[in-house]
Amino acid sequence: MDHPLKEFIRTVNLEGLQLALLENPLLANQGIPLDDNTSPAHPLHRICDGVFNGVYSDQQAAEMARLFLT
């Protein structure tokens, strides 16, 4: 089963991400696998992976990361 936040991060769904974290704050520290890499990593790490791979802009990543840090 996919991590509950994976699709919100993949699609840069800020509203969905924020609501999911409000409903279950423990999700903020649960590892998420990345496509072919099945090893779980912290959600903030996966956001950084997305920037590195050109999936998200720096701005999009910063907006998502802010939700984890507030």
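All values reported here derive from a predicted model rather than from experimental measurement. (Residues numbered from 1 in each chain as written. Predicted model: local features only at pLDDT ≥ 70, side-chain atom pairs only at ≥ 80, totals over all residues. Heavy atoms only, no water.)

**Overview of the environment of leucine 26**
And step 1. Locating leucine 26 in the fold gives a position in the loop between helix H2 (14–23) and strand S1 (32–34).
And step 2. Along the backbone, leucine 26 and cysteine 48 are 22 residues apart, and their C-alpha atoms lie at a distance of 20 Å. (Helix = DSSP H or I, 4+ residues; strand = E, 2+ residues; numbered from the N terminus.)

**Let's talk about the pattern of salt bridges**
And step 1. All chains considered together, the criterion is met by two salt bridges.
And step 2. The salt bridge partner of arginine 10 is glutamate 7, with a shortest N-O separation of 2.5 Å. Of this pair, arginine 10 and glutamate 7 both sit in helix H1 (residues 6–10), separated by three residues, roughly a single helical turn.
And step 3. Residue classification places glutamate 7 among the partly exposed residues on the basis of a relative accessible area of 43%.
And step 4. A salt bridge links arginine 46 to aspartate 49; the shortest N-O distance between them is 2.7 Å. Of this pair, arginine 46 and aspartate 49 both sit in helix H3 (residues 43–52), three residues apart, which is roughly one turn of the helix.
And step 5. Given the relative accessible area of 7%, arginine 46 is considered buried.
And step 6. We classify aspartate 49 as buried; its relative accessible area is 17%. (Salt bridge = Lys/Arg side-chain N within 4 Å of Asp/Glu carboxyl O. Buried < 20%, exposed > 50% of the residue type's maximum accessible area, 1.4 Å probe, protein only.)

**What to know about the environment of asparagine 13**
And step 1. Structurally, asparagine 13 is set in the loop between H1 and H2.
And step 2. According to the relative accessible area criterion, asparagine 13 is partly exposed, its value standing at 30%.
And step 3. Of note is the side chain of asparagine 13, whose polar atom sits 2.7 Å from the backbone nitrogen of glycine 16. (Polar contact = N/O pair within 3.5 Å; in protein donor to acceptor, adjacent residues only side chain to side chain.)

**Considering H3**
And step 1. Among the residues making up H3, those that are buried are Pro43, Arg46, Ile47, Asp49 and Gly50. Along the long axis of H3, the arc covered by the buried residues comes to 155°, so they all point the same way. Summarising the geometry of H3, the exposed residues directed more than 90 degrees from the buried face are Cys48 and Phe52.
And step 2. Immediately beyond the C-terminal end of H3, within one or two residues, lies glycine 54, with a positive phi of roughly 75°. (Arc of directions from axis to C-beta.)

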